[in-house]
Amino acid sequence: MQHKFSRIFFIGLLALLASSCDEFLDVNTDISKPQTASAPVLLPPMLSDMARGEQFDSRFVGQFVQYWHNVTAGSTYEAHGSPSSDANAEKWRSHYYAIGLNVDLIITDAEAKEQWNYAGVARAIRAWSWQTSTDHHGDMIFKQAWEPGRFIFDFDSQDQIYEEVRRLSTEALELLNRQGEASTTAILARGDLVYAGDATKWTKFVYGVLARNANHTSNKSTYDPRKVIEYVDKALASNSDNFLVPHAGNNTDDSNFYGPLRNNLTVYRPSTYIVNLLDSVLLPARDPRLPILLTPSLDGKYRGINPGAGDPTNSAAASSPTKLPTLFGTIVRSTADKGSKFIFRDNATFPIMTYAEMQFIKAEAAIRANDPAMALTAYTNGIKAHMDFVGVTAANRDKYIASAAVVKDASALTISDVMIQKYIALWGIGAAETWVDMRRYAYNKDIWKGFALPTVLSSDNGGKLIQRARPRFNSEYVWNAESLKTIGADQPDYHTKEMWFALP
Amino acid sequence: MLKYYLTSTPVLLRKMLGVFLLILGFGATAFAQQRVNGKVLDADGTALPGVSILIQGTEKGTVTGIEGEFSLDVPADAVLEFNFLGYLKQIVVVKNRTAITVTMEADSKVLDEFVVTGMGLKTKKDALGYSTTTVSGKEIVESQRDNWFNSLAARIPGASVGNTSGMAGSSSLINLRGTSSLFGSNQPLIVVDGVLVDNSTFNQGALVSDRPNRDNDYTNRAADINSNDIESITVLKGPEAAAIYGANAGNGAIVITTKKGQVGRGKLSYDNAFRVEQVYRIPETQSVFGQGNNGITDLNTRRTFGPAYGSEVQLYNNRDNFFRQGFSQRHNMVFEGGSKDVTYRWSNSFQDYKGVIPGNSLQNFSSRLVGSVQLSPKVRAETNFAYINSVNDKVFRGANGVLLNLLSWPANDDIRQYETAAGTRRRLLSSATELDNPLFNADRNLNQDQTNRFQGSINLIIEPVKWLSMRATLGTDRYTQSGVTVEHPESNAGLTANGQIESYIAINRLDNANFTARANKKVGKLGASLLIGTQIVSNRSDVNSIRGQKFFDPDFYSINNTDQTTHRAKNSIVRKHLIGVFAQAEINYDELVYLTATGRNDWTSTLPPENRSYFFPSMGLSFLASKLIPENNVLTYLKLRASYAEVAKDAPPHRIGSILEPRLTTGGGYSYGFFGGNPGLKPEYVVAREVGFEARFFKDRVTLDFAHFFRTSYDQISPPRTSYGTGFVLSYINSGTLSNWGYEASLGITPVKTQNITWSVNFNFTRLDSRADRLPLDLPEYYVADSWLFGNVRNSLFKGGPLTTFGAVDYLRNDNGDILINPGNGLPELNTNVFTVAGDRNPDFTMGIYNNFSFKDFSLSFLFDIRRGGDVFNGNAAFLYSNGYSTRLIDRTQPYVFKGVLRDGRQNTDNPTPNTLAIVPQYQTGFFGALSDADYIEKDINWVRMRELSLSYRFPTGIVGGGKFVRSASVFVTGNDLFIITNYTGADPAVNGNSAASPGAGSVGFDYGTLANPRGVTLGVRLGL
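Everything in this summary refers to the structure shown in the same document. (Residues numbered from 1 in each chain as written. Chains lettered and ligands numbered in written order. Predicted model: local features only at pLDDT ≥ 70, side-chain atom pairs only at ≥ 80, totals over all residues.)

**What about the overall build of chain A?**
Counting its regular elements, chain A contains 18 helices and 4 strands. Taken along its principal axes, the extent of the C-alpha atoms in chain A is 110 × 50 × 45 Å. (Helix = DSSP H or I, 4+ residues; strand = E, 2+ residues; numbered from the N terminus.)

Written out as structure tokens, the structure reads:
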């Protein structure tokens, strides 16, 4: 008895020691930083990263589609080149890392708490991210993406990613529509800086992603313009549905990537092409958006530069009457943010998707569906919506709509008319979509009238135009190089390989 | 009881003992007695109390008193034996003398016989199966280094020691037997009197600004230990030490024993040291060409590719106008004393040091109290408390640092004029991005660290029975390091922010508790000892950092002086706990063969629960071959040894889960940080083997120690960058295998040893090699990002190549290996996609030669540091060349044709077009930027460096104060880094491009923007009162 008792006592003591040992060793969580967080806390950075990824790479894409050009002549990007660099691959980083697994954290948290709207929003963002990232990079890591314990990844073709966008969108729509006590506007509003918790607007955003997804394959026999129109009709229905990422603009951390504080656009000047489109060179009327989007030199004249040519006035004094102003709207960059305009302000919201873009997608699909009346309405809506968006007065807007620059006769409306107005409506904000358009139409000068390709192409290109951005250099080229070879991305002209979406 | 009584009351001692011994001895010596009075001294002339004296052939004797004195009645023809632990036995014939002074000579063999191998654990050297090196405190003090790490340089075979730069307070690192961890720390563990001591170097990652560890340096904190308190340093080089100390000793251990109070009359000693320093080996710059590009003057560039200065232009020696003479003064004061049962030693040190760069200074105060108390005959307590305060003012280094700004200053501009009449910064260029005038930088920017540190420990030593001893140790090391950097609103770095101040406070705590029990048993010729022990370690660091920008008043330095909306704060907490249990068994046969086996199991907090417990064993064999041969005067000692050890190392803390980082984007919130956690992490393993021998010849006049080791580390825990497909930028994984092997030898010769003259020479030799057997994820190249300091040169690991490889971007070449030349401009083209092998930093061998002469009261010693082979990246040269300041190619008008073939599409045909395009460098600045940075890797750099030269003189006891007031006095002069003979064209090939905080194989051999070690001469006096 005595023995038994002491044995129990001894075993008990050992157990106690063992458990206090475990307690002593359980200090491996960082108590200054969390490992999980709730959905409302995770969503705001993700929204900022959506804008950042688009804006970062649009600096380069903007040179291909000729939104703007580098002040220094001979830039590789101006020549449709793709040097070994992380530049022009921020979408890659954004998709896998910045947004990446944070999506799953939201989903886990939201589903446990039955916050279906958050779970839907997270899927919507991932669907959008797949769509825009594959449109930028083409083949990507898809099936093995984010697989725990995996460090070497296979690449998957774009058609599979297009399908994934549709799958995720469907799931997102279901969840956004799902009712639940914890799935309220108020709860979603806590993290939703874009739509203030309005799940119906997120639903429209998802349809917008589906509309892009369906419309980008316009060269394929499977293309169904009716499907595109159906999606657009369920997508953003007015400027109040625009997906706008807010920026506080207080400091470099919370400022707009395109603002003067961040200093990311200082070396770019508007292209001759956009100046010509707005300043009544290529279209018969002067566009009232001209002074809103662009800035004249001190002599009052609007100037742009040609691809690869550089800015001849770059080293001219600030007082020089012909010196090209910065995109910010000032002659030289000023961190004081005085005189900055449009999306080039430190606290500007940045559009990820607009109602105007949707209307131009619809107009294109309607032409392809042989419904010119619908096309004309959508085309006109698109122009008006963009003018309202950028702040053109109603009088100036209507004057332009009435001018010869805008087609009135439905039967005369061409794809080119739609694409030119879409180009203007996406200038500065939608380089990714414009690039898709240009690749679908093979940079066709008959579509974008007056568009002049660069005179010099990168020696790597073999005379071909750029079709895709390479996977991120310091992610794939350095650490996943073997897999790259399977898609030919180790080839010097990989960036000229046509996209799946653009192929018939 | 008697002992206690005798030693604690020395006056009574003599009388009582005299009576007692007299009674004892009466029967043996009945007549012809005479009284002998005498004194026993050590070699320094200090009295030795407690020396036992025996009249040979009798049991009669006495013990010296507190003044070393004795008095004994002896027969007139008596022979006296003097015995004292640690000293050679002295035999003195009385020969009718009545007064005798005996000098005891220290027995180096006895001191060498034991090595501190574990927590207060002494192991007989004979029993060790691996090599160790011990450096005496005396040598460390003599070297006059502010950071005692640096005094170990060239003294220890197998060790590479280097301080980061020549700035006061710079960090220093020790690497034992190469790199065993790809990404983790490779620094050895520092142990003081059985207690772990924090040797971290502040990592700038904890700052709001999250800087890389390259533009600023922070002292490695073990430097806080006052070298004057060090009795000896034992270096355990291999992972064998880990059996007792745990995984942290996987890179070896540096075991410090502090000086203890001496039994005897209380002593006060004072010494000082005054040092002057001078810059040594600053890269040369040209003063022929002025600012401009393409041969045309352009005052808006710092680059000097403009036309040559006219003869009327006044040129300035900006370098001489910038540097100053460094000066340091150090004062040490020690109080010590004690009886047999209670001893104490209180040591204080103060140093004020102004470096050669204006604005760089270091102030130190250290106070350490060491005591021991015999609580009962079986229990002794030893205590150790230290307080350390240090203030270090620094200047920025590296890319925007003082040195490069100084070197790239046009010669026609006087650098001293850094202010305008209005007191604002005088600009050289109109460009806002202009780099700072280094004097402005030193004057207006602030960069300071302060450390307040407390170390305390208590050791309880219990010996209940003769064969069993137990030791319990509690130790803590706590310090607060705080710092501030100010970037003045007018400085380059502070311009955009309109002034920036950033301060941090780091609170560090390292607690450890150890318990060991050791039993010894001898049965016949078999001896055995068994040790068991446990160790508990708790480590925590809290860093709070704040940053503010937009100064209200440009010259007032406080966070209060900044715009509130710019304030940023960051908190970082790192915690780590560890429990270890260990055992060591040693068996010997007749003290001829020793076999030692150890085993240790650790439980760490940093690995997932299922992997957090791991075991590692070791075995050591030692064979004293000399015991088998007849005693002779040629080979007096020969020991053969072999050992095998495994050690497992845990992960860095907080790497199991992926951590969310706060975001400052609009709306705030969290998202994943760069590092992907790994819930499957397991320990990384090191397996080490070593064989060697120790031999002594000619009555120990020649000693030789040789070791050959081989070490493999596998399952390396490292965070390589990976495909973003992981969802992260870097991921913690177990992967990669490294091998290190090498040879170490030390040879000691004492060619002369007479009463008055001793000359001894010690050579040590090291050759290390390494190989990356498998890289993480089987990548073709793995690079240590921290080492990528300038240009396209970095520390790259290629499979099968050494860990110290330089990777660099090479030229584009045709199939034949010819450099391809751009047909448009005649410049060579670079293959920027690929880093290829471009050199190896590892030397063929390194050697240290230490000489010591003593003649009567003079002593002269010097230490040479020799290296052969090993490449160095001269980043300064690359920088100077591409900015027009290099002294190379002064004749810029001479047309130059790059050797190579044109990249015209025919480069790989049978008839490539040889390049004939001539470039006149004067008019084509692009010429200077066209070279591959790999061209600045200087190959096979050798050096002979005089590290230390020290001369001292000890005044004979009688000269100063008749030996009454001043009991000993000496003066010394020491020179540090007096010269270096090298084929390196840059400054100092030994500097480190990063701080000691940078992981892996480090950045020694990357010479970029770092001040070389200055040379210094120290003068001082030592007094014993």
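Next, the rest of the story.
**A word on the packing of helix α5 (residues 116-137) of chain A against helix α6 (residues 158-177) of chain A**
Residue and element names in this part refer to chain A. In contact at an axis separation of 8 Å, α5 and α6 are set at 160° when each is read in the N-to-C sense. By the angle class used here, α5 and α6 are roughly antiparallel. Between α5 and α6 lies a crossing whose hand is left-handed. Between α5 and α6, the contacting residues are W116, N117, A119, G120, R123, A124, R126, A127, W130, Q131 and T134 on the first element and Q158, I161, E164, V165, L168, S169, E171, A172, L175 and L176 on the second. Classifying every residue of the contact of α5 with α6 by side-chain character gives 11 nonpolar, 6 polar and 4 charged. (Axes fitted to C-alpha atoms, helices over the stretch in contact; angles between N-to-C directions. Parallel < 35°, antiparallel > 145°, perpendicular 65-115°, else oblique. Left-handed = near helix turned anticlockwise from the far one by under 90°. Contact = placed C-beta atoms within 7 Å. Nonpolar A, V, L, I, M, F, W, Y, C, P; charged D, E, K, R; others polar.)

**Focus: helix α9 (residues 225-234) of chain A**
All names here are of chain A. Among all positions of α9, only V228, I229, Y231 and V232 are buried. Projected down its long axis, α9 carries its buried residues within an arc of 160°, all on one side. Tucked inside the fold, the buried residues of α9 contact α8 (199-215) and α12 (355-368). (Buried ≥ 20, exposed ≤ 12 C-beta atoms within 10 Å, placed from the backbone. Arc of directions from axis to C-beta.)

**Observations regarding the sheet that holds strand β16 (residues 253-258) of chain B**
Residue and element names in this part refer to chain B. With mixed pairing, 5 strands are arranged side by side in an open sheet as β10-β15-β16-β13-β14. Two strands bound the open sheet, and with one partner strand each, they are β10 (132-136) and β14 (195-197). Recorded for the sheet is a direction-independent mean angle of 25° between the axes of neighbouring strands. One ladder, built from 6 bridges, connects strand β15 (residues 230-236) with β16; its direction is antiparallel. Residue pairing across strands places I230 opposite T258, the latter belonging to β16. (Pairing = 2+ DSSP bridges.)

**Section: the sheet that holds strand β43 (residues 793-798) of chain B**
All names here are of chain B. Read across the open sheet, the 4 strands follow the order β42-β43-β44-β46; overall the sheet is antiparallel. The sheet is open, and its two edges are formed by β42 (781-784) and β46 (830-840), each paired on a single side. Neighbour-to-neighbour, the strand axes of the sheet open up by a mean angle of 50°, direction not taken into account. Judged from the 6 bridges that link them, strand β44 (residues 805-811) and β46 form a sheet pairing that is antiparallel. Of the residues in β46, the one forming a bridge with G807 is V837.

**Quick word on the interface of chain B and chain A**
Residue-level contacts link 46 residues of chain B with 53 residues of chain A. Counting residues per element, the ones that place at least two in the side of chain B that touches chain A are β28 (562-589), β32 (660-662), β33 (670-672) and β46 of chain B. Take the side of chain B that touches chain A: its biggest share by element is 8 residues, from β28(B). Tallied by class, the residues present in the side of chain B that touches chain A amount to 16 nonpolar, 25 polar and 5 charged.

**Examining the nonpolar core**
Ranked by internal contacts, the top residues of the largest apolar core, which has 142 residues, are A:I106, A:A124, A:I125, A:A127, A:V206 and A:A211. No other element matches the 12 residues that helix α2 (residues 39-64) of chain A contributes to this core. What A:V206 contacts, discounting residues up to four positions off in sequence, is A:A124, A:A127, A:S169, A:A172 and A:L173. Among the nonpolar cores identified, the runner-up in size contains 83 residues, and B:I282, B:L403, B:L902 and B:A1012 belong to it. (Core = buried A, V, L, I, M, F, W, Y, C linked by C-beta atoms within 7 Å.)

**Observations concerning the packing of helix α3 (residues 90-100) of chain A against α5(A)**
In a packed pair of helices, the relevant descriptors are the angle between the two axes and the axis-to-axis distance. All names here are of chain A. Between α3 and α5, the least distance of the axes is 9 Å, while the angle of their chain directions is 155°. It follows from the interaxial angle that α3 and α5 lie roughly antiparallel. α5 is crossed by α3, and the crossing has left-handed handedness. Across the interface between the two elements, K91, W92, H95 and I99 of α3 pack against I125, S129, T132, S133, H136 and H137 of α5. Taken together, the residues of the contact of α3 with α5 break down into 3 nonpolar, 6 polar and 1 charged.

**Here's the deal with helix α4 (residues 102-112) of chain A**
An α-helix turns once every 3.6 residues. As a result, residues three or four positions apart point the same way. Those residues of α4(A) not exposed but buried are A:N102, A:V103, A:L105, A:I106, A:D109 and A:A110. The arc that holds every buried residue of α4(A), seen down its axis, measures 160°, which confines them to one face. Contacts from the buried residues of α4(A) go to α2, α3 and α5 of chain A together with β33 of chain B. Looking one or two residues beyond α4(A), the residue adopting positive phi is A:E114, at roughly 55°.

**Notes on the environment of B:L592**
The topology assignment puts B:L592 in the loop between β28 and β29 (593-604). If near-sequence neighbours (up to four positions away) are discounted, B:L592 is found in contact with B:L624 and B:K627.

**Observations regarding the pairing of strand β26 (residues 500-523) of chain B**
All names here are of chain B. Of the strand pairs in this sheet, strand β25 (residues 468-487) and β26 are connected by 20 bridges, and their pairing is antiparallel. Its bridge partner being in β26, E487 is matched across the sheet by Q500. In this sheet, strand β27 (residues 526-551) lies alongside β26 in antiparallel orientation, the contact comprising 24 bridges. If you follow I505 over to β27, its bridge partner there is N544. Connecting β26 to the next strand, β27, in antiparallel fashion are 2 residues, including G524 with a positive phi near 60°.

**Quick look at the environment of B:R767**
Residue and element names in this part refer to chain B. Take R767: it is sitting in strand β41 (residues 757-774). Taking the C-alpha atoms as reference points, R767 and L362, 405 residues apart in sequence, are found 35 Å from one another. With sequence-adjacent residues up to four places away left out, R767 is seen in contact with G742, Y743, D844 and F845.

**Focus on unusual backbone geometry**
Within the chain, A:S280 stands out as a residue other than glycine whose phi angle is a positive 55°. Inspection of the secondary structure assignment puts A:S280 in the loop between α10 (272-278) and α11 (290-293). With 14 C-beta atoms counted inside 10 Å, the residue A:S280 sits in the partly exposed group. One non-glycine residue, B:R281, lies in the positive phi region at around 60°. Examined against the element boundaries, B:R281 turns out to sit in the loop between β17 (264-278) and β18 (292-293).

**Some thoughts on the environment of B:R509**
Residues and elements named next belong to chain B. Here R509 is to be found in strand β26. Taking the C-alpha atoms as reference points, R509 and Q455, 54 residues apart in sequence, are found 9.9 Å from one another. Other than its neighbours up to four places away in sequence, R509 contacts R478 and R540.

By themselves, these are just geometric observations and shouldn't be taken as functional.
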